[in-house]
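Residues per chain are reported as follows:
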Amino acid sequence: MEMTRNVMRETTKGFSKYYNPKLSGELRLDTNTNVLGSNPAASKYLSEGKWDLNGYPNTYSDGLREALGELYDLEADNFIAGNGSDELLDVTFKTFTNWGDNSVVPVPSYSLYDYFVKCNGGKAIEVDLTEDFQLDVDAMVRQDAKVAIMPSPNNPTGNCFRTKDLEEILSRFEGIVVVDEAYGEYASDSMVRRVNEFDNLVVLRTFSKAYAMAALRVGYAVANRNLADMMMCVKIPYSLNMVSEGAAIAAVKDQDFIRRSVEMVNKERPVLDAGLRKLGFETFPSDSNFILARSPIDHDVLVKGLKERGVLIRDFGSKRRTENCVRTTIGTSEFNSFLLEKAEEVISECR
Ligand SMILES: Cc1ncc(COP(=O)(O)O)c(C=O)c1O
């Protein structure tokens, strides 16, 4: 029997499954997680933990929201915690858009924005970044849309957007402005502490990158209390499990690990950048823990050749505006040398 009923929601019909590589022990420089390994405070918490598995976690992860309030000098009620910042993206569109509404998404940026907009019955209006991968403020604010969303630092380009451009969008755009700071720990500017200055700002953050806890799926949104309350009412109660919440609280209290992680990236970034350029890559400026680079050989040959040699990086070469580009996480000195050595092998085989 042919299984072809036309049952899928209209707005999700063109979807394909997300990145899910088959792994066989490769060095992973494809997901921009922390190359120093698991968060030590979270690991300690997990190794010592005993939980009442029969009880629900706190409905809204109040313990973590309080710890975040202390970290940023804001109130717990400015925060919404959830199952990865991806959950908060979903909550954002669920809270602030109606069926059929437009949302503005820059190109290139995080691929899942389009997915969450469409999952919530909306339309994504794509606005190209400028030549130097900055925001086209006029083009963004003139769209008839309920939400404008942008990652800063941007994924996959790595650069931060200018604070004055974000401020201008916040003042001129009618709807909600979401600044996704998934890589915010690596950047010098942040909008988190400024949420009470704006009636339309939502900032997103994650424990998956600098905090080295991607496996535990913890993220949060920050906004003025009014917006935060709305999002809290929409979010699935208990969506952040008790074990991950406890680990995240422990991690927030160990800021030394975050400092060390950022210092390592700041030290290694120029070294990796120079190494890539020496091999013929065109690199783009990064304020984050990864680098976007245009490959001197075919992107597909490079990424497959590296995988065969035990290194995973991410391929953006078939996408508009990042033609023939790849993105690699900035590794430790040892990881970067391994990547450069293997890249040199693949490139020289092609010549
Ligand atoms: C820009 C950006 N936002 C959000 C996320 C999702 O992070 P999380 O693991 O918290 O869902 C990522 C993950 O790669 C990202 O790059």
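Figured I'd write up the structure that's included with this text. Bear in mind that the values here come from a model prediction, so they are computed numbers and not experimental data.

## Description of the site of the ligand
Here comes step 1: With respect to spatial proximity, the complete set of residues near the ligand consists of G84, S85, D86, Y110, P151, N155, D180, A182, T206, S208, A214 and G219.
Here comes step 2: Grouping the constituent residues of the shell around the ligand by class yields four nonpolar, six polar and two charged.

## So, the pairing of strand 3 (residues 102-107)
Here comes step 1: Here strand 3 pairs with strand 4 (residues 123-128) via six bridges, running parallel. In the strand pairing of strand 4, P106 is matched with V127.
Here comes step 2: Taken together, strand 3, helix 4 (residues 112-119) and strand 4 constitute a β-α-β crossover, and its handedness is right-handed.
Here comes step 3: In this sheet, strand 5 (residues 147-151) lies alongside strand 3 in parallel orientation, the contact comprising two bridges. Bridging across to strand 5, S103 finds its partner in V147.

## Focus: the sheet that holds strand 6 (residues 176-180)
Here comes step 1: Read across the sheet, seven strands follow the order 2-8-7-6-5-3-4 without closing on themselves; strand pairing throughout is mixed. Whereas interior strands pair on both sides, the edge strands pair on one side only; in this sheet they are strand 2 (79-82) and strand 4. Each strand axis lies, on average, 20° off the axis of its neighbour in the sheet, ignoring direction.
Here comes step 2: Summarising the sheet, strand 6 and strand 7 (residues 201-206) pair through four bridges and their orientation is parallel. Its bridge partner lying in strand 7, V179 is registered against V203.
Here comes step 3: Here helix 3 (residues 85-96) sits on the sheet and contacts strand 2, strand 3, strand 5, strand 6, strand 7 and strand 8 (219-223); the angle it forms with strand 8, its principal contact strand, is near 40°.

## Details of the environment of K44
Here comes step 1: Of note, K44 is situated in helix 1 (residues 40-48).
Here comes step 2: K44 sits in the partly exposed class, given 14 other C-beta atoms within 10 Å.
Here comes step 3: With 206 residues separating them along the chain, K44 and A250 place their C-alpha atoms 8.6 Å apart.

## What to know about the pairing of strand 13 (residues 325-329)
Here comes step 1: Of all five residues that make up strand 13, five are buried, and the element is covered over most of its length.
Here comes step 2: Across the two faces of strand 13 the burial is the same, with C325, R327 and T329 and V326 and T328 all buried.
Here comes step 3: The sheet contact formed by strand 10 (residues 290-294) and strand 13 spans five bridges and is antiparallel. Bridge pairing in strand 13 links A293 to V326.
Here comes step 4: Pairing geometry for strand 12 (residues 314-315) and strand 13, over two bridges, is antiparallel. Of the residues in strand 13, the one forming a bridge with D315 is V326.

## Details of the environment of R5
Here comes step 1: Residue placement: R5 occurs in the segment before strand 1 (27-28).
Here comes step 2: Judged by the 6 C-beta atoms lying within 10 Å of it, R5 falls in the exposed class.
Here comes step 3: Separated by 205 residues in sequence, R5 and A210 place their C-alpha atoms 44 Å apart.

## Description of the sheet that holds strand 10
The strands that make up a sheet are held in pairs by hydrogen bonds between backbone atoms, and each pair lies either parallel or antiparallel.
Here comes step 1: Read across the sheet, four strands follow the order 9-10-13-12 without closing on themselves; strand pairing throughout is antiparallel. The sheet terminates laterally at strand 9 (282-283) and strand 12, the two strands that pair on one side only.
Here comes step 2: Lying on the sheet, helix 9 (residues 255-278) is in contact with strand 9 and strand 10; it crosses strand 10 at an angle near 15°.

## Details of unusual backbone geometry
Here comes step 1: Geometrically, the link from V107 to P108 is a cis peptide bond, its omega value of 0° lying close to zero.
Here comes step 2: Following the sequence through the fold, P108 ends up in the loop between strand 3 and helix 4.
Here comes step 3: The peptide bond linking N155 to P156 adopts the cis configuration, its omega dihedral lying at 20°.
Here comes step 4: Checked against the element boundaries, P156 lands in the loop between strand 5 and helix 6 (163-172).
Here comes step 5: The phi torsion at A212 lies on the positive side, around 60°, for a residue other than glycine.
Here comes step 6: Residue placement: A212 occurs in the loop between strand 7 and strand 8.
Here comes step 7: On the basis of neighbour counts, which here come to 24 C-beta atoms within 10 Å, the residue A212 falls in the buried class.
Here comes step 8: Residues other than glycine seldom take positive phi values, yet N324 does so here, at roughly 60°.
Here comes step 9: Mapped onto the elements of the fold, N324 is located in the loop between strand 12 and strand 13.

The rules we used
- Residues numbered from 1 in each chain as written.
- Predicted model: local features only at pLDDT ≥ 70, side-chain atom pairs only at ≥ 80, totals over all residues.
- Near = placed C-beta within 6 Å.
- Nonpolar A, V, L, I, M, F, W, Y, C, P; charged D, E, K, R; others polar.
- Pairing = 2+ DSSP bridges.
- Helix = DSSP H or I, 4+ residues; strand = E, 2+ residues; numbered from the N terminus.
- Right-handed = clockwise from strand over helix to strand, strands pointing away.
- Axes fitted to C-alpha atoms, helices over the stretch in contact; angles between N-to-C directions.
- Contact = placed C-beta atoms within 7 Å.
- Buried ≥ 20, exposed ≤ 12 C-beta atoms within 10 Å, placed from the backbone.

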